[in-house]
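Fold and geometry: a report
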Amino acid sequence: YLLAESQQLIYLAGKSFLSVGAFFFALDLTCASYRFLALCCAFSVATAVVMTPLNLQALSASSLAEFWGKRWDTGLQPVLYYNGYYPCRSLGFSKNIATFTTFCLSGIGHCCLFQALGATNFNLFLMLLFFVVQPLLLLLERKAWNLFSLPKRKFFVISGLLATPLFGLPLVQVIEDSIAVM
């Protein structure tokens, strides 16, 4: 599982617009995170604690809804569900409003992290915009599939190509700034 995820990351990072230094920094972070995961797995085996994988072959999702709902960051999903989606639904808001609120909550969390890493206000705006756009893309995916019979996988790829720079540009900038400080 870890090998497949790391191969996907290396392939995508190599194809992206990351600078060479940023690519190796991201690769080092990936290796460090996998070392951390290996320690967690060893802890899990030693203590019989069951741990949830964070991403379940996310890039093989057949739709945007499947990507966000079943494959991406599965460890954080319950936190967002119980602190964003569920309270909105229990207050009588629609599924669309609850989904939008949950993505905004996630966006605010990401912006707090990126602000701590030194991101500019413009990059924080792009980051938040990425999370505001996602529920709109989910709604559009449902409508486009129903109206035009557009395959969800194609929509997933197109929406990913269009929205990823909103997240990727701030990420690359923070990585490049971190490398410059080193």
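Residues numbered from 1 in each chain as written. Predicted model: local features only at pLDDT ≥ 70, side-chain atom pairs only at ≥ 80, totals over all residues. Heavy atoms only, no water.

Summing up its helical and strand segments, the protein has 7 helices and 0 strands in all. Along the chain direction, N to C, the helices and strands of the protein fall in the order α-α-α-α-α-α-α. By the burial criterion, 31% of the 182 residues in the protein qualify as buried. In the protein, 57% of the contacts between residues at least 6 apart in sequence involve partners at least 24 apart. With the model as given, the accessible surface of the protein reaches about 11,600 Å², and the carbon-plus-sulfur share is 72%. (Helix = DSSP H or I, 4+ residues; strand = E, 2+ residues; numbered from the N terminus. Buried < 20%, exposed > 50% of the residue type's maximum accessible area, 1.4 Å probe, protein only. Contact = heavy atoms within 4.5 Å. Areas by Shrake-Rupley, 256 points an atom, 1.4 Å probe, with all protein chains shown as cover.)

Turning our eyes to something else, we now look at a nonpolar patch on the surface. Taken together, the side chains of Tyr-81, Tyr-82 and Tyr-86 define a hydrophobic patch exposed on the protein surface, amounting to about 350 Å² of accessible area. Mapping Tyr-86 onto the fold places it in helix H4 (residues 77-90). (Patch = residues over 30% accessible without salt bridge, like charges linked within 9 Å, V, L, I, M, F, W, Y side chains within 5 Å. Salt bridge = Lys/Arg side-chain N within 4 Å of Asp/Glu carboxyl O.)

A few words on the pattern of salt bridges. Under the counting rule described, the total for this entry stands at 1 salt bridge. For Arg-71, the salt bridge goes to Glu-66, with nearest N and O atoms at 2.6 Å. Taking relative accessible area as the criterion, Glu-66 reaches 19% and is therefore assigned buried.

To continue, consider the confidence of the model for the protein. Looking at the protein as a whole, the pLDDT averages 75, with 66% of positions reaching at least 70. Within the model, pLDDT remains below 50 along residues 11-34, and this stretch shows 23 contacts once partners closer than five positions in the same chain are excluded. (pLDDT = per-residue confidence, 0-100.)

What follows deals with the packing of aromatic side chains. For the structure shown, the criterion picks out 12 aromatic pairs. When the centroid spacing of 5.4 Å and the interplanar angle of 20° are considered together, the rings of Phe-67 and Trp-72 count as stacked. Among the aromatic residues, those joined into a ring-pair cluster are Phe-67, Trp-68, Trp-72, Phe-103, Phe-114, Phe-130, Phe-131 and Phe-167. (Phe/Tyr/Trp six-rings, centres within 6.5 Å; stacked < 30°, edge-to-face > 60°.)

A few words now on unusual backbone geometry. Within the chain, Asp-73 stands out as a residue other than glycine whose phi angle is a positive 50°. Mapped onto the fold, Asp-73 is located in the loop between helix H3 (64-71) and H4. Judged by relative accessible area, which is 23%, Asp-73 ranks as partly exposed.

Let's shift gears to the side chain of Gln-134. The topology assignment puts Gln-134 in helix H6 (residues 121-148). Of note is the side chain of Gln-134, whose polar atom sits 2.9 Å from the side chain of Trp-68. Dropping the residues within four chain positions of it, Gln-134 is found in contact with Leu-64, Trp-68, Phe-103 and Ala-163. (Polar contact = N/O pair within 3.5 Å; in protein donor to acceptor, adjacent residues only side chain to side chain.)

Turning our eyes to something else, we now look at the packing of H4 against helix H5 (residues 95-116). With their axes 8 Å apart at the nearest point, H4 and H5 run at an angle of 150° to one another. Overall, the two elements H4 and H5 adopt an arrangement that is roughly antiparallel. For the element pair H4 and H5, the recorded crossing hand is right-handed. Between H4 and H5, the contacting residues are Leu-80, Asn-83, Gly-84, Tyr-85, Cys-88 and Arg-89 on the first element and Lys-95, Ala-98, Thr-99, Thr-101, Thr-102, Leu-105 and Ser-106 on the second. In the contact of H4 with H5, the residues fall into 5 nonpolar, 6 polar and 2 charged. (Axes fitted to C-alpha atoms, helices over the stretch in contact; angles between N-to-C directions. Parallel < 35°, antiparallel > 145°, perpendicular 65-115°, else oblique. Left-handed = near helix turned anticlockwise from the far one by under 90°. Nonpolar A, V, L, I, M, F, W, Y, C, P; charged D, E, K, R; others polar.)

This part covers the state of the cysteines. Here the structure, examined in full by the defined rule, presents 0 disulfides. Between Cys-88, a cysteine without a disulfide, and Cys-104, which holds the nearest cysteine sulfur, the sulfur-to-sulfur distance is 9.8 Å. Take Cys-111: it sits in no disulfide, and the sulfur closest to it among the cysteines is that of Cys-112, at 7.2 Å. (Disulfide = S-S within 2.5 Å.)

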